[in-house]
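# Analysis of the macromolecular model
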Amino acid sequence: MSAPSTSPRHGRLLLGGIGICALAVVGVTWTGRAQEKVLFVNALDTPVTVTAGSERFSLGANDHLVRPMPIGPLDVDVRGGEATLAHETVFVTDEGGLFVYNLLGAAPLFITTVRYERNDAPASESEPSSLVVAGTSFLRAGHIDYVLTDPPRSIQMRKEDGRYTTRFHLGQAPGGWAASYGWLMSNHQTAKAARFTEELARVLPETPGARNAARAARMVLAREEGLLASLAATRQQRDSQPDNVDAQRAWMYNMRRAGRNDELRAHYQAEVERHPGSLVMAVMLARVEPEPAGTARLEALVRNHPGELLPRRALAVRYARQQRWADALPLLDAMEQGDPDYARYQDTHAEVLVALGRRAEAARRLSERLLQASPETEPPDLDDAQLYAKLVGHASLEGKENAAMRQLVASAQKDEPEGMVVRWLSASLGLPPEVDSPLGTKDDPLETAVRLMLALAEEPGFAARASTQLDFFGFHRLGPEAGLLLAAEFERLGDAALAARTLDLSGVELGYGELQDVLRGTLPVESLTTTLDWGERAALHLVLARQLDAQGRDSKAAYARVKKEILLPGAVSIALQKWDRPKPSNAVAGDSVP
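Residues numbered from 1 in each chain as written. Predicted model: local features only at pLDDT ≥ 70, side-chain atom pairs only at ≥ 80, totals over all residues. Heavy atoms only, no water.

This part is about the overall build of the protein chain. Broken down by element type, the protein chain carries 25 helices and 12 strands. Per-residue burial over the protein chain gives 48% buried out of 594 residues. Sequence-distant contacts in the protein chain: of pairs separated by 6 or more residues, those separated by 24 or more amount to 61%. Roughly 29800 Å² of accessible area belongs to the protein chain as shown, and the carbon and sulfur atoms make up 53% of that amount. (Helix = DSSP H or I, 4+ residues; strand = E, 2+ residues; numbered from the N terminus. Buried < 20%, exposed > 50% of the residue type's maximum accessible area, 1.4 Å probe, protein only. Contact = heavy atoms within 4.5 Å. Areas by Shrake-Rupley, 256 points an atom, 1.4 Å probe, with all protein chains shown as cover.)

Written as structure tokens, this is what we have:
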């Protein structure tokens with residue numbers, strides 16, 4: 001056997017071969033890592049078609065699918081029928097693990113660390129830690145042991161595994177986008193909640209509740225970020241979505257809060273001149289221009305565009321606020337038959353029928369519409385149950401005659417403690433709650449509303465102390481009528497800080513400067529018919545009547561007017577019945593008893 005060759009040429013050939021083999025090994029390794037797993041999740045109630053890179057596949061409603069995708073930038077296009085729901089570029093890194101594409105961020109996804117321990121290990125009281133990842137459209141979840149499947153209660157462990165081991169679980173809670181929204185809002189991720197619900201309402205405008213959720217999130221965000229930041233954000237939305245009524249109204253609301261009404265009117269006047277064919281701009285101008293020009297503009301729009309829903313909605317509300325009940329009713333009747341947004345106007349429709357002496361008919365029509373089983377409509381919610389309770393004047397579930405009330409309460413109950421909805425309905429009507437009615441948790445919005453309504457039924461001072469620590473969610477179930485009543489009463493009593501805060505939280509389209517002008521007598525309540533509903537104006541009239549009492553002046557006609565204005569029971573009727581008439585005083589709201 002000969003010795004190994006020491007020839008330089010042979011050595012170079014050997015090194016070259018080793019190099020080629022090494023490159024081949026690296027190439028094989030890189031090829032194996034050139035793709036990563038991406039989980040695509042569709043939590044919407046509509047099937048979609050996804051184009052990700054060079055691949056195209058379908059996802060059913062509330063469906064998911066794992067696909068290998070190339071490392072690097074990945075173009076994702078999602079369509080629902082002909083509509084584009086999402087189009088973006090994400091980046092799949094080479095870090096390994098699972099990546100998640102959550103369409104619109106709508107799926108309520110969470111990552112849980114599950115801890116397993118051997119039988120001989122000391123007992124542990126630690127709860128599994130969870131991370132909410134809803135509201136984000138693309139993320140790297142990392143190593144996941146259980147993907148959208150429940151982790152086992154126990155696993156086989158070897159001695160060499162140690163006493164404890166952990167696994168990672170990616171789960172999806174029930175409830176769809178609404179659950180994601182609730183999580184984000186309760187965890188103070190308001191910007192993310194506003195962003196994904198606004199996008200959802202934009203691409204799928206027929207999604208029930210999406211627009212209201214986006215509006216509420218934007219209002220909360222405005223308070224967290226400050227008025228200037230909110231004005232800037234809503235102005236950007238206004239400019240990028242000129243035909244979106246909700247985007248226009250959000251900017252309009254913030255401009256009113258800032259006291260910039262003249263600038264607001266000038267903007268829409270210029271927009272109408274620039275775009276004379278825009279119905280949205282014409283309707284927005286009618287909302288802010290003085291009367292009778294605003295109503296005349298709306299009437300002309302309805303005449304010239306008989307099939308358009310937007311001017312019809314605006315004119316129906318305008319007529320109702322002007323007490324032109326007979327003129328408002330045909331418009332609202334037509335909306336009930338074919339307007340997909342009718343639910344937002346059913347309160348106005350009910351008030352018009354009550355004003356025309358047809359209260360029983362209003363209750364019957366409302367219950368029949370709400371209790372019709374239809375897969376296209378959302379089940380009755382808390383607002384629906386409250387409106388029905390106001391129409392019938394009670395919250396009783398007893399007896400055959402209250403079958404509709406039982407069905408509405410059962411539908412609205414959802415995750416609330418048994419009996420909590422009835423307790424809230426009773427308090428909102430000024431009725432004492434049942435002795436054995438359940439108490440909700442302190443931070444539960446319904447329980448918060450109950451406590452404040454019970455305090456309001458006592459006297460303004462009680463309500464002042466109850467409201468000082470409340471946030472937007474605490475006021476949400478009170479309604480704008482109660483919020484404006486309290487804000488105006490606090491201002492009358494001299495607590496400007498509490499009045500401004502309460503007004504801001506109430507969501508009423510009235511600036512604090514305007515509220516001050518009303519109480520000073522320089523701004524007539526009648527001039528606010530374009531922005532304030534009937535109950536909200538009744539709240540201001542009640543406080544003005546109390547102001548006459550405090551000044552020692554004749555208030556008989558003022559109180560008679562308030563009684564005439566009350567169409568449905570609520571905060572104003574409760575205060576009118578329960579509050580003592582004031583005497584001249586310099587007391588500050590909430591400054592009496594600790």
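Judged by nonpolar contacts, the single largest core of 110 residues is most densely connected at Tyr268, Leu391, Leu425, Leu456, Leu485 and Leu540. Of the residues forming this core, the biggest block, 9 residues, is contributed by helix 8 (residues 279-288). The next biggest cluster of nonpolar side chains, apart from the first, holds 38 residues, and it includes Leu44, Val50, Val92 and Tyr101. (Core = buried A, V, L, I, M, F, W, Y, C linked by side-chain atoms within 4.5 Å.)

With that settled, consider the environment of Met219. Mapped onto the fold, Met219 is located in helix 4 (residues 210-225). Taking C-alpha positions, Met219 is 9.4 Å from Asp504, a pair spaced 285 residues apart along the chain.

Bringing the sheet that holds strand 9 (residues 129-132) into the picture now. Read from one edge to the other, the open sheet built from 4 strands follows the order 9-8-12-11, with strand pairing classed as mixed. In this open sheet, the two edge strands, each paired with only one partner strand, are strand 9 and strand 11 (146-147). When strand 11 meets strand 12 (residues 164-172), the two strands line up parallel, connected through 2 bridges. Within strand 12, the position partnered with Tyr146 by the bridge is His169. (Pairing = 2+ DSSP bridges.)

This part covers the pairing of strand 6 (residues 83-92). Note that strand 5 (residues 72-80) and strand 6 share 9 bridges and pair antiparallel. Bridge pairing links Gly80 to Ala83 in strand 6. Two successive antiparallel strands, strand 5 and strand 6, enclose a turn made up of 2 residues, where Gly81 displays a positive phi of approximately 70°.

Moving on, we get to the environment of Tyr268. Counting through the fold element by element, Tyr268 comes out in helix 7 (residues 261-274). When the C-alpha atoms of Tyr268 and Ala286 are compared, they prove to be 9.0 Å apart, with 18 residues separating the residues in sequence. With sequence-adjacent residues up to four places away left out, Tyr268 is seen in contact with Gln248, Trp251, Met252, Met281, Met284 and Leu285. Among the polar contacts made by the side chain of Tyr268, one reaches the side chain of Gln248 at a distance of 2.6 Å. (Polar contact = N/O pair within 3.5 Å; in protein donor to acceptor, adjacent residues only side chain to side chain.)

For the pair helix 9 (residues 293-304) and helix 10 (residues 309-321), interaxial distance at closest approach is 9 Å and the crossing angle is 140°. On the basis of their axis angle, the class for helix 9 and helix 10 is oblique. The interaxial crossing formed by helix 9 with helix 10 has left-handed handedness. Between helix 9 and helix 10, the residues in contact are Gly294, Thr295, Leu298, Glu299, Leu301 and Val302 and Pro311, Arg312, Ala314, Leu315, Arg318 and Tyr319, respectively. (Axes fitted to C-alpha atoms, helices over the stretch in contact; angles between N-to-C directions. Parallel < 35°, antiparallel > 145°, perpendicular 65-115°, else oblique. Left-handed = near helix turned anticlockwise from the far one by under 90°.)

Every α-helix carries 3.6 residues per turn, so stepping three or four residues along brings you back to the same face. All of the buried residues in helix 15 (residues 403-413) are Ala404, Met405, Leu408, Val409, Ser411, Ala412 and Gln413. Lys414 sits one or two positions beyond helix 15 and adopts a positive phi of about 45°.

In spatial order, the strands read 3-2-5-6; together these 4 strands make up an open sheet with antiparallel pairing. Of all strands in the sheet, those bounded by a partner on one side alone are strand 3 (55-59) and strand 6. Ignoring which end each strand starts from, the neighbouring axes of this sheet average 20° apart.

Two side chains bearing opposite charge may form a pair once their charged atoms approach each other closely. According to the stated counting rule, one finds 35 salt bridges in the structure shown. Where Glu509 meets Arg287, a salt bridge forms, and the shortest distance between an N and an O atom there is 3.0 Å. In this pair, Glu509 is assigned in the loop between helix 21 (496-506) and helix 22 (512-520) and Arg287 in helix 8, connecting sequence segments 222 residues apart. When its relative accessible area of 14% is taken as the criterion, Glu509 is described as buried. The partner of Glu368 in a salt bridge is Arg364, with the nearest N and O atoms 3.5 Å apart. One end of the pair, Glu368, and the other, Arg364, are both in helix 13 (residues 359-370), 4 residues apart, so they sit about a helical turn from each other. By relative accessible area, Glu368 is classed as partly exposed at 41%. Residue classification places Arg364 among the partly exposed residues on the basis of a relative accessible area of 42%. A cluster of three or more residues bridged by salt bridges with shared partners is formed by Arg211, Asp246, Arg313, Asp339, Asp341 and Arg344. (Salt bridge = Lys/Arg side-chain N within 4 Å of Asp/Glu carboxyl O.)

Among the residues making up helix 21, those that are buried are Leu498, Ala499, Thr502, Leu503, Leu505 and Ser506. Looking straight down helix 21, one finds that the buried residues subtend no more than 165° of arc, so they occupy a single side. Among the residues trailing helix 21, Gly507 stands out with phi positive, at a value near 80°. (Arc of directions from axis to C-beta.)

Following Glu291, the chain continues to Pro292 via a peptide bond in cis, the omega torsion being 5°. In this structure, Leu148 is a non-glycine residue whose phi angle is positive, near 50°. In this fold, Leu148 is placed in the loop between strand 11 and strand 12. When its relative accessible area of 21% is taken as the criterion, Leu148 is described as partly exposed.

At a minimum axis distance of 9 Å, the contact between helix 23 (residues 534-550) and helix 25 (residues 571-578) shows a crossing angle of 25°. As summarised for this structure, helix 23 and helix 25 are arranged roughly parallel, according to the angle between their axes. Taken as a pair, helix 23 and helix 25 cross one another with a handedness that is left-handed. Residues Gly535, Ala538, Ala539 and Leu542 of helix 23 form the contact with helix 25, whose own contacting residues are Val572, Ala575 and Leu576. Each residue belonging to the contact of helix 23 with helix 25 can be placed in one class, and the counts come to 6 nonpolar, 1 polar and no charged. (Nonpolar A, V, L, I, M, F, W, Y, C, P; charged D, E, K, R; others polar.)

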